[in-house]
Amino acid sequence: MSEQRPWWERDADVCWHPYTQHGLEPSFLPVARAEGAWLELADGTRMLDAVSSWWACLHGHGHPRLVAALSAQAATLDHVLFAGCTHEPAVRLAERLAAAAPPGLTRTFFSDDGSTAVEVALKACYTACRRRRHGARNVFVALEGAYHGDTFGAMAVGDPDPFFESFGDLLFEVRHVAAEVEAIRATLDELGDRACALILEPIVQGAAGMRSVPPEVVQAARQACDKHGAFLIADEVMTGFGRTGTLFACEQAGIAPDAMCLSKGLTGGMLPLAVTLFNDAIFEAFRSERADRMFFHGHTYTGHALGCAVALASLDVVEAEGTPQRLEAVGARIEGALVASGTAARGSLRRFGGITALEFAAEDEGYLSNLGARLKAACRNESPDVLLRPLGNVLYAMPPACTSGAECDLIAARMAQVVASALD
Ligand SMILES: Cc1ncc(COP(=O)(O)O)c(C=O)c1O
């Protein structure tokens, strides 16, 4: 009888996992608990979380300050609707974010995850364009390789290859442009006042395989948007809160976007919460005495009190522990070990703060490449104590800030074994 089988075997009967081909992956790691950089499986096996549980776990699992904030908030106010009501954790979080973010991003709109933060940015920019800038501004610009989430608007601005091709005829018009200064300038010049907004992942594109978006490209995007009156949206869902060595990746380009999307590390990876920060110009396009000009967008859990309380505690930890600097040191240690072992020389190495990535030449590059499948198999077979998940032909590590020097060395050693197994 199924009830007598352990829960991790019953998973196959009832669960549908994200980004998973159930015909190829028959079973899943049964994770029973987590602490610091480590996951513990049902049989007691420990695995180092070298991918920060989909890039979310910022400080380490179960950080005591976050746990304390969560339980204190749960005992005070769990959840209240955020239309017509407000609460202290949301107000304090909005104040803290406005103070920490690039200048001008003074308004916080809350949502639940990275995709919804992007939807909010796209819908608000589109409406603000129609209201304030007149003309038919209905074309969004995004970068080749972009990934902004899986809801329809986010899919439209994402690179269709390979995730969203099957939805192509349902998605609105977006110009995808190479992450190069001239290409961005030329596209915005060509679109002129048809351009509504340009969205990009500053400094590094995550799902594309930790691909570089250099500061000069981000600056060129800012300049081109200014020239043509388009908005610039920075998707810092992955890069926010120190992942690239600075609190926000935009700082490395010295620019301020008009809207900025944050999630993942916002709560240190403990709870689903997202925000889209806006400048006054966008907010003011909605403020009016006419009810029909409000922003028609909201989610049941908008401004969730538990998430906000944990996010405040996470910001305290970022400041107290110097999270961006710690992540920088983690990345440098892993990079150093990969260089020392000769593994780095087998591919093209790049590092952005706490993210260290190795790309390998393959005949069929990309997420579904054959080499990617071999790397994935090698991660399972050669790395029983470090959780690694390649992005196609790119193998990367992005562990939480609490990862020790010895743990970084372990990650690099397992990456070396995986590379040797998949390539030789
Ligand atoms: C840059 C970026 N934007 C948006 C998203 C979507 O976030 P979520 O999976 O929380 O919807 C992701 C997820 O990986 C991301 O990396």
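Residues numbered from 1 in each chain as written. Predicted model: local features only at pLDDT ≥ 70, side-chain atom pairs only at ≥ 80, totals over all residues. Heavy atoms only, no water.

Undergrad: Explain the overall build of the protein to me, please; I cannot follow it from the model alone.
TA: Looking only at helices and strands, one finds 13 helices and 16 strands in the protein. For 424 residues, the compact-globule estimate of 2.2 N^0.38 gives 22 Å, and the C-alpha radius of gyration of the protein, at 22 Å, lies within 12% of that figure. Contacts in the protein between residues at least 24 apart in sequence constitute 72% of all its contacts with a sequence separation of at least 6. Accessible surface computed for the protein: about 18,400 Å², of which carbon and sulfur atoms make up 53%. In the protein, which carries 35 positive and 52 negative side-chain charges, the distance between the mean positions of the two groups comes to 4 Å. (Helix = DSSP H or I, 4+ residues; strand = E, 2+ residues; numbered from the N terminus. Rg over C-alpha atoms; globule rule 2.2 N^0.38 Å. Contact = heavy atoms within 4.5 Å. Areas by Shrake-Rupley, 256 points an atom, 1.4 Å probe, with all protein chains shown as cover. Lys, Arg positive; Asp, Glu negative; His and termini not counted. Charge placed at Lys NZ, Arg CZ, Asp CG, Glu CD.)

Undergrad: In this structure, what is going on with the pairing of strand β11 (residues 259–262)? I would like to understand it.
TA: The alternating pattern of β11 places Ala259 and Cys261 on one face and Met260 and Leu262 on the opposite face, and all of these are buried. Where strand β10 (residues 231–235) and β11 come together, three bridges link them in parallel fashion. Considered in β11, the bridge of Asp235 is made with Cys261. One ladder, built from four bridges, connects β11 with strand β12 (residues 274–278); its direction is antiparallel. (Buried < 20%, exposed > 50% of the residue type's maximum accessible area, 1.4 Å probe, protein only. Pairing = 2+ DSSP bridges.)

Undergrad: For this particular structure, what's the right way to read the packing of aromatic side chains?
TA: Two numbers describe a pair of aromatic rings. These are the distance of the centres and the angle of the planes. Within the structure shown, the criterion is met by 13 aromatic pairs. Relative to Phe163, the ring of Tyr19 lies with its centre 5.4 Å away and its plane at 75 degrees, an arrangement referred to as edge-to-face. Here Phe163 lies in the loop between α6 (152–157) and β6 (174–177) and Tyr19 lies in the loop between α1 (7–14) and β1 (31–35), a separation of 144 residues in the sequence. Centroid distance Phe82 to Phe110: 5.5 Å. Interplanar angle 85 degrees. Geometry classified as edge-to-face. With Phe82 in the loop between α3 (64–76) and α4 (88–100) and Phe110 in strand β4 (residues 107–111), the pair connects residues that are 28 residues apart, well separated along the chain. Since its relative accessible area comes to 27%, Phe82 is described here as partly exposed. Three or more aromatic residues joined by ring pairs form one cluster here, namely Tyr19, Trp54, Tyr147, Phe163 and Phe164. Across from the ring centre of Trp38, 4.5 Å away, lies the NZ or CZ of Arg46, which sits over that ring. A cation sits over an aromatic face here: Arg107 above Phe283, 3.7 Å from the ring centre. (Phe/Tyr/Trp six-rings, centres within 6.5 Å; stacked < 30°, edge-to-face > 60°. Lys NZ or Arg CZ within 6 Å of the ring centre and 35° of its normal.)

Undergrad: Mind showing me how you'd approach the sheet that holds strand β15 (residues 386–387) here?
TA: In a beta sheet, neighbouring strands pair by backbone hydrogen bonds and run either parallel or antiparallel. Strand order in the open sheet formed by four strands is β1-β2-β3-β15, and the pairing between neighbours is mixed. Strand pairing shows two members of the sheet lacking a second neighbour, β1 and β15, which therefore form its edges. Summarising the sheet, strand β3 (residues 46–49) and β15 pair through two bridges and their orientation is parallel. Across the sheet, Leu48 pairs through a bridge with Val386, a residue of β15.

Undergrad: Teacher, can you tell me more about the side chain of Glu236 here?
TA: Along the chain, the position of Glu236 falls in the loop between β10 and β11. One buried charged side chain, Glu236, makes no salt bridge at all; its nearest oppositely charged neighbour is Arg243, positioned 10 Å away. Among the polar contacts made by the side chain of Glu236, one reaches the main-chain amide nitrogen of Cys250 at a distance of 2.8 Å. Excluding residues that lie within four positions of it along the chain, Glu236 makes contacts with Pro202, Phe248, Ala249, Cys250, Met260, Cys261 and Leu262. (Salt bridge = Lys/Arg side-chain N within 4 Å of Asp/Glu carboxyl O. Polar contact = N/O pair within 3.5 Å; in protein donor to acceptor, adjacent residues only side chain to side chain.)

Undergrad: Teacher, can you tell me more about the packing of α3 against helix α10 (residues 305–321) here?
TA: In a packed pair of helices, the relevant descriptors are the angle between the two axes and the axis-to-axis distance. Closest axis-to-axis distance for the α3/α10 pair is 8 Å, and the angle between their directions is 150 degrees. Accordingly, the angle class assigned to the pair α3 and α10 is roughly antiparallel. Helix-helix and strand crossings are classified by hand; for α3 and α10 the assignment is right-handed. Contacts between α3 and α10 involve Arg65, Leu66, Ala69, Leu70, Gln73 and Ala74 from the first element and Ala305, Leu306, Ala309, Val310, Ala313, Ser314, Asp316, Val317 and Ala320 from the second. Looking at the contact of α3 with α10 residue by residue, the class counts come to 11 nonpolar, two polar and two charged. (Axes fitted to C-alpha atoms, helices over the stretch in contact; angles between N-to-C directions. Parallel < 35°, antiparallel > 145°, perpendicular 65-115°, else oblique. Left-handed = near helix turned anticlockwise from the far one by under 90°. Nonpolar A, V, L, I, M, F, W, Y, C, P; charged D, E, K, R; others polar.)

Undergrad: Honestly, unusual backbone geometry in this entry has me stumped. Any pointers?
TA: In most cases, non-glycine residues show a negative phi, while peptide bonds are predominantly trans. In this model, Trp55 sits at a positive phi of 70 degrees, which is unusual for a non-glycine residue. On the basis of relative accessibility, which here comes to 10%, the residue Trp55 falls in the buried class.

Undergrad: Quick question: what am I supposed to make of the side chain of Ser52 here?
TA: Of note, Ser52 is situated in helix α2 (residues 52–55). Those residues within four positions of Ser52 in sequence are excluded, and the remaining contacts are Cys57, Arg243, Met398, Pro399 and Pro400.

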